[in-house]
Amino acid sequence: MPRLDRIGATAGPAGSAPLASLIDGVPCETIPAWDRGLSYGDGLFETLLVREGRPCQWPRHCTRLILGCRRLGIPVPTSDTLESEIRLLTAGLEDAVLKVLVTRGIGGRGYRSLPAPQPRRILHVYPAPAYPSAWREQGVVVRYCQTPASYNPALAGLKHLNRLDSVLARAEWDDPEIADGLMSGMDGEVVGGTMTNLFLWDGRTLLTPTVDRCGIAGTVRALTLELARARGIPSVLADVKPAVLAQAEGVFLTNSLVGVWPVRRLGERDLEPERLPLELLAAVTREAQSPGGPAA
């Protein structure tokens, strides 16, 4: 399969232009201005770490994307099509970030979609993020956000394109020492980070917030629960009240790009990352960041 000529930036901070893009399988940088993903956030996305030219945890991301399309009533792209495009886009790369978006496609004015929508596939690769190594080794600083997470059980758990809650929450700070901010639901329970899932540790049991009213069902969150179960570590999915979080012996965050971040400071409270189940956290990071997707 031919390799793409790279476009855009070759390095840079988050927000830099992609190295290359495919839109419906064609090297391209533009979509119609009336695409429903742009007009209404009518679509879904997945963000994956690329290692050795292959996306990590692709089967989990593909499964979540397919389930999300079915829940939203968007025709599902075939995994063969997506994998072929991923191979073309990631060929020759070492470490990078792959973003896969599926929108409902073009549509006229108004919320009602066309009776037979033609979904659009948008794939980008970006430079890999340069997070400080100390964040993984020594732990991160996390703040509390004022912006609440919106409730919508119909969308809860999905990686849909409506991310304004997180956008507004992330705009609350510009301190580069702060890795993420925790958001709460409208009843005060802590939902998770602007870009991460939250885990609490009491010395014996893991606790992570439910995602049945808001929040994202993260792929590394699922991996963490599976590996904990395999090691006989009990896990509880429940609403996390601030008082419970304040009493946690340890706290860590997960997502597909960072694997695991232990938390060393949460708000005004110092924590001790060494109290966490470190063997489990190492296993999660190792598995989450092992290349296993379609090879070029």
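For every chain, the first residue of its written sequence is number 1, and the numbers climb from 1 along that sequence. Local features in this predicted model are restricted to residues whose pLDDT is 70 or higher, and side-chain atom pairs enter the listing and the counts only when it is 80 or higher, whereas totals over whole chains, interfaces and linings include all residues. Hydrogens and water are ignored here; the side-chain numbers use all heavy atoms of the structure.

A. Structural context of the environment of Pro273. Positionally, Pro273 belongs in the loop between strand S15 (269-270) and helix H8 (278-288). Note on classification: 1.4 Å probe, protein chains only; a residue is buried when its accessible area is under 20% of the maximum for its type, exposed when over 50%, partly exposed between these limits. Relative accessible area serves as the criterion here: at 13%, Pro273 is assigned to the buried category. For the pair Pro273 and Pro262, spaced 11 residues apart in sequence, the C-alpha separation works out to 5.8 Å. Secondary structure counts use DSSP, requiring at least four H or I residues in a row for a helix and at least two E residues in a row for a strand, with both numbered from the N terminus.

B. Focus on the nonpolar core. Residues enter a nonpolar core if they are buried and are Ala, Val, Leu, Ile, Met, Phe, Trp, Tyr or Cys, with the set joined through side-chain atoms within 4.5 Å. In this structure, Trp58, Leu65, Leu89, Leu98, Val100, Leu123 and Val125 are the most contacted members of the largest nonpolar core, which totals 24 residues. Elements with a contribution of two residues or more to this core: strand S1 (20-23), strand S3 (43-51), helix H2 (58-72), helix H3 (79-90), strand S5 (96-103) and strand S6 (120-127). Per element, the largest residue contribution to this core is 5 residues, and it comes from H2. If you look at the next biggest cluster of nonpolar residues, it comprises 23 residues, including Val190, Leu198, Ala248 and Val251.

C. Here's a closer look at the state of the cysteines. Here, the term disulfide refers to a pair of cysteine sulfur atoms separated by no more than 2.5 Å. Taken as a whole, this structure holds 0 disulfides when the rule is applied. Cysteine Cys145 remains unbridged, with the sulfur of Cys214 as its closest cysteine sulfur at 13 Å. Cys145 gets classed as buried once you look at its relative accessible area, which sits at 9%.

D. How the structure looks around the pattern of salt bridges. Here a salt bridge means any side-chain nitrogen of Lys or Arg lying within 4 Å of a carboxyl oxygen belonging to Asp or Glu. As enumerated under the stated definition, the model contains 17 salt bridges in all. The salt bridge involving Glu226 is made with Arg60; its shortest N-O contact spans 2.7 Å. Separated by 166 residues along the polypeptide, Glu226 in helix H6 (residues 219-230) and Arg60 in helix H2 bring together distant segments of the chain. Residue classification places Arg60 among the partly exposed residues on the basis of a relative accessible area of 23%. Arg143 is the partner of Glu172 in a salt bridge, and the nearest nitrogen-oxygen pair spans 2.9 Å. Residue Glu172 is located in the loop between helix H5 (164-170) and strand S8 (178-184), and its partner Arg143 is located in strand S7 (residues 140-144); the two are separated by 29 residues in the primary sequence. For Arg143, a relative accessible area of 21% gives the class partly exposed. Linked by salt bridges that have partners in common, Asp187, Glu189, Arg213 and Asp239 make up one network.

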